[in-house]
Amino acid sequence: MPGVWRGYPVWLADVLRAEGLKVAELVGWRRRGHGVFSDIRGVMVHHTGSDSATAESIALGRPGLPGPLSQLHIARDGIVTVVAAGVAWHAGAGSYPWLPANTGNWHTIGVECANTGTSPWAPHRRNWPDAQYGALLGSCAAICRRLGQPAGRTIGHKEYAGRAQGKWDPGAIDMGILRRDIAARIETPPSGPTAPTDRYAGVLLERGSTGPQVAELQRRLKYAYAAYAGALDINGEFGPDTEAAVREFQRRTTGLGVDGIVGPATAAALRLRLVSSQA
Ligand SMILES: [Zn+2]
């Protein structure tokens, strides 16, 4: 059944890396946890209460609460550490419309961000560095996309356990704004200096490709980017002229590697829906 993920999310590190995030893997993360997920329905965001809390401390836990305390840890420099693939003690008592009462640990991936949270009344992103906030929304978007769920499946601990436990984390995060940012990120796959180029993300079309998808690419380039692709022939053959137009498009688009190859990132930037031929 699509969208239901029983078992261990051993795909976490790969999915985060594909999002262009800086990922660290704590040794043994695939086997760490308090058992197996019944099904993963979403993501729950936390702050640790300290700007310097480490991923190791999340793995270890504390007296009376053995770790892991969450699956992911996000440091202030934006490094996302995968701590565990098993169930973690992060949610505790609480409720939310798509979660049975007090079952958050078995249905959500916990994300602990090294942050004091400032205060329950702090404005959005006070004391949240760009690198950490960017890694948070990238992580949530990557996981929601993988689960086949919308941004609404990312919630804050305060939304789940505010009433039950008086939780206010993540502090200085307006969950409505975070979800809006996640929704935009889900729509527009990663781009930026850390994004892998299409050569590594998977080739959809390249020099030598032929067929209706090439014609669609040529049509898009010719009519949407007439300034430099207006003379392109729509013949369904990916030759030197098409490659030159693709390179020019990549050069003019922030975050794309210039390699003349149409992979997922370039196709998304062109708003082309292409199907991989290596199905
Ligand atoms: Zn929390």
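Residues numbered from 1 in each chain as written. Predicted model: local features only at pLDDT ≥ 70, side-chain atom pairs only at ≥ 80, totals over all residues. Heavy atoms only, no water.

Put simply, the rule is: UniProt positions are given in the numbering used here, feature names are shortened, and annotations may be inferred rather than shown by experiment.
The chain is annotated in an unreviewed UniProt entry as N-acetylmuramoyl-L-alanine amidase of Mycolicibacterium psychrotolerans. UniProt, in its Sequence similarities (unreviewed entry) section for the chain, records the words "Belongs to the N-acetylmuramoyl-L-alanine amidase 2 family." You can read under Catalytic activity (unreviewed entry) in the UniProt record for the chain the words "Hydrolyzes the link between N-acetylmuramoyl residues and L-amino acid residues in certain cell-wall glycopeptides."

**Thoughts on a nonpolar patch on the surface**
Quick note on the threshold: Residues enter patches when they are more than 30% accessible in relative terms and free of salt bridges; like-charged ones are connected within 9 Å and nonpolar ones (Val, Leu, Ile, Met, Phe, Trp, Tyr) within 5 Å. Calculation of accessible area relied on Shrake-Rupley with a 1.4 Å probe; when residues are assessed, cover is drawn exclusively from the protein chains displayed. Take a side-chain nitrogen of Lys or Arg and a carboxyl oxygen of Asp or Glu: if they are within 4 Å of each other, that pair is a salt bridge. Strands are runs of DSSP state E lasting at least two residues, helices are runs of H or I lasting at least four, and both sets are numbered from the N terminus onward. Under the scheme applied here, a residue whose accessible area is under 20% of the maximum for its type counts as buried, over 50% as exposed, and between as partly exposed, the area being computed with a 1.4 Å probe on protein chains only.
A contiguous nonpolar surface patch, about 250 Å² in accessible area, is contributed by Tyr8, Val10 and Val36. If you trace the backbone, valine 36 turns up in the loop between β1 (23–25) and β2 (42–47). A residue is classified by how much of its surface remains accessible, and valine 36, at 42% relative accessible area, is partly exposed.

**Concerning the sheet that holds strand β7 (residues 108–113)**
How we decide: Two strands qualify as a pair provided DSSP detects at least 2 bridges between them. Here the axes come from fitting lines to C-alpha atoms, over the contacting stretch only for helices, and the angles between their N-to-C directions go from 0 to 180 degrees. In what follows, residue pairs with any heavy atoms lying within 4.5 Å of each other are defined as contacts.
Within the open sheet, the 6 strands sit side by side as β1-β6-β5-β7-β2-β8. Their pairing is mixed. Strand pairing shows two members of the sheet lacking a second neighbour, β1 and β8 (154–156), which therefore form its edges. Pairs of neighbouring strands in the sheet enclose a mean axial angle of 25°, with direction left out of account. Contacts from helix α5 (residues 157–165) reach β2 and β8 within the one sheet, and its direction differs from that of β8 by about 40°. This element, helix α6 (residues 175–187), spans β2 and β8 of the sheet and lies at about 160° to β8.

**Let's talk about the packing of helix α8 (residues 212–224) against helix α10 (residues 240–252)**
The relative placement of two packed helices is expressed as an angle between their axes plus a distance between the axes. Here is the rule: Geometric relationships in this document are graded by angle, where less than 35 degrees denotes roughly parallel, more than 145 denotes roughly antiparallel, 65 to 115 denotes roughly perpendicular, and other angles denote oblique. Left-handed describes a crossing whose near helix is turned anticlockwise from the far helix through less than a right angle; right-handed describes the clockwise counterpart. When residue character is reported, Ala, Val, Leu, Ile, Met, Phe, Trp, Tyr, Cys and Pro are called nonpolar, Asp, Glu, Lys and Arg charged, and the others, Gly included, polar.
Their axes nearest at 11 Å, the elements α8 and α10 cross at an angle of 55°. Relative to α10, the element α8 is oriented oblique. Regarding α8 and α10, the two cross each other, and that crossing is left-handed. Taking contact as the criterion, the partners of Leu217, Gln218 and Leu221 in α8 are, on α10, Thr242, Ala245, Val246 and Phe249. Of the residues that constitute the contact of α8 with α10, the class distribution is 5 nonpolar, 2 polar and no charged.

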